[in-house]
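Chains, contacts and geometry: an overview
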Amino acid sequence: RQRHFREGDLAEIARRGFNSVRLPFGYWIVTGPTHGDPYVGPSIELIDAAVEWAARHGLQVLLDLHGNPGGETEEKVCGRAKPDWSWEDWRRDEALEVIALLADRYKEYDHVTGLQVCNEPSRSCPPSELLAHYIEAVATVREAGMPPERVSVVCPCYFLEEDRRDFLKEWREACAAGELDGAVLD
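Just so you know, these numbers come straight off a predicted model, no measurement behind them. (Residues numbered from 1 in each chain as written. Predicted model: local features only at pLDDT ≥ 70, side-chain atom pairs only at ≥ 80, totals over all residues. Heavy atoms only, no water.)

1. Remarks on the environment of Asp181
Assignment of secondary structure puts Asp181 in the loop between α6 (161-176) and β5 (183-185). The sequence separation of Asp181 and Trp87 amounts to 94 residues, and the corresponding C-alpha distance is 26 Å. Not counting the four nearest positions on each side in its chain, Asp181 is found in contact with Val138, Arg142 and Pro148. (Helix = DSSP H or I, 4+ residues; strand = E, 2+ residues; numbered from the N terminus. Contact = heavy atoms within 4.5 Å.)

Next comes the structure, spelled out in structure tokens:
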């Protein structure tokens, strides 16, 4: 892990004229694995180092919770493939705890300008359930002290056709109700 990326990589990103980096990691890096998940962690000091290096080189950071507790999909994109996965396996309450820890830990870093709450959630998750999670995640980030005028909460949408229309209708309603302040769809 300590050789996966180094400060020189972020220096090179800045030298090439980019202004931000997306830092993907699984929940186990923050809290260590739970429920018998087959990961190694915690290693949050690696996130700390990347955040410090980014500051040193003038880069903004999007923290990307790329693997949620229980997974957010049956696909490898969340850290493991599990064909029999169901959206009920996603331990969303535990994910909110991880999000709260991240938001609290990095709230004082002005160059941490985004927090992505999951990666490519399964299309089998009902749109209303996913939106409810996003609303709770946004509230969790805000309650931890990351303000909407500085930190975007990134919420992926991978629905197709009718589910996409339903999700976007509910998203617009939640935005109008002020429940997604500073949230963006990916």
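After presenting the structure, the write-up continues.
2. A closer look at the packing of aromatic side chains
For the structure shown, the criterion picks out nine aromatic pairs. Between Trp28 and Tyr39, the aromatic rings sit 3.6 Å apart at their centres with planes inclined by 10 degrees, giving stacked as the arrangement. Of this pair, Trp28 sits in helix α2 (residues 27-31) while Tyr39 sits in the loop between α2 and α3 (44-56), and the two are 11 residues apart along the sequence. Both residues of the pair, Trp28 and Tyr39, belong to the buried class. Summarising the aromatic geometry, the rings of Tyr134 and Phe167 are spaced 6.2 Å apart at their centres and angled 85 degrees between planes, so their arrangement reads as edge-to-face. Residue Tyr134 is found in helix α5 (residues 127-143), and its partner Phe167 is found in helix α6; the two are separated by 33 residues along the sequence. Residue classification places Tyr134 among the buried positions, given a relative accessible area of 0%. The exposure class of Phe167 is buried, given its relative accessible area of 0%. (Phe/Tyr/Trp six-rings, centres within 6.5 Å; stacked < 30°, edge-to-face > 60°. Buried < 20%, exposed > 50% of the residue type's maximum accessible area, 1.4 Å probe, protein only.)

3. Structural notes on a negative patch on the surface
A cluster of acidic residues, Glu161, Glu162, Asp163 and Asp166, forms a negative patch on the protein surface. When you line up the elements, Glu161 lands in helix α6. (Patch = residues over 30% accessible without salt bridge, like charges linked within 9 Å, V, L, I, M, F, W, Y side chains within 5 Å. Areas by Shrake-Rupley, 256 points an atom, 1.4 Å probe, with all protein chains shown as cover. Salt bridge = Lys/Arg side-chain N within 4 Å of Asp/Glu carboxyl O. Lys, Arg positive; Asp, Glu negative; His and termini not counted. Charge placed at Lys NZ, Arg CZ, Asp CG, Glu CD.)

4. Focus: unusual backbone geometry
With an omega of 5 degrees, the peptide bond between Gly41 and Pro42 qualifies as cis. Residue position: Pro42 is located in the loop between α2 and α3. Unusually for a residue other than glycine, Glu120 sits at a positive phi of about 45 degrees. With respect to the element layout, Glu120 can be found in the loop between β3 (112-116) and α5. Since its relative accessible area comes to 30%, Glu120 is described here as partly exposed.

5. Re the sheet that holds strand β4 (residues 152-155)
Strand order in the open sheet formed by five strands is β1-β2-β3-β4-β5, and the pairing between neighbours is parallel. Looking along the sheet, the strands with just one partner apiece sit at the ends: β1 (20-26) and β5. Neighbour-to-neighbour, the strand axes of this sheet turn through a mean angle of 25 degrees, independent of strand direction. (Pairing = 2+ DSSP bridges. Axes fitted to C-alpha atoms, helices over the stretch in contact; angles between N-to-C directions.)

6. Quick notes on the packing of α5 against α6
In the contact formed by α5 and α6, the axes pass within 9 Å of each other and the chain directions differ by 35 degrees. Between α5 and α6 lies a crossing of right-handed hand. Two secondary-structure elements touch here, α5 through Pro127, Ser128, Leu130, Leu131, Tyr134 and Ile135 and α6 through Asp163, Phe167, Glu170, Trp171 and Ala174. Grouping the constituent residues of the contact of α5 with α6 by class yields eight nonpolar, one polar and two charged. (Left-handed = near helix turned anticlockwise from the far one by under 90°. Nonpolar A, V, L, I, M, F, W, Y, C, P; charged D, E, K, R; others polar.)

7. Looking at the nonpolar core
The biggest cluster of nonpolar side chains holds 52 residues, and the ones touching the most others in it are Phe25, Ile47, Leu63, Tyr106, Leu115 and Tyr134. When residues in this core are grouped by element, the largest group, seven residues, is from helix α4 (residues 92-106). Excluding residues that lie within four positions of it along the chain, Leu63 makes contacts with Leu23, Phe25, Ile47, Val51, Tyr106, Val112, Gly114, Leu115 and Gln116. (Core = buried A, V, L, I, M, F, W, Y, C linked by side-chain atoms within 4.5 Å.)

8. Quick notes on the pattern of salt bridges
For the structure on display, the rule yields 11 salt bridges. Two residues, Asp48 and Arg105, come together in a salt bridge whose shortest N-O distance is 2.6 Å. With Asp48 in helix α3 and Arg105 in helix α4, the pair connects residues that are 57 residues apart, well separated along the chain. One salt bridge in this structure joins Arg91 and Glu94, with 2.8 Å as the shortest N-O distance. For Glu94, a relative accessible area of 13% translates into the label buried. The network of salt bridges with shared partners includes Glu12, Arg15 and Arg16.

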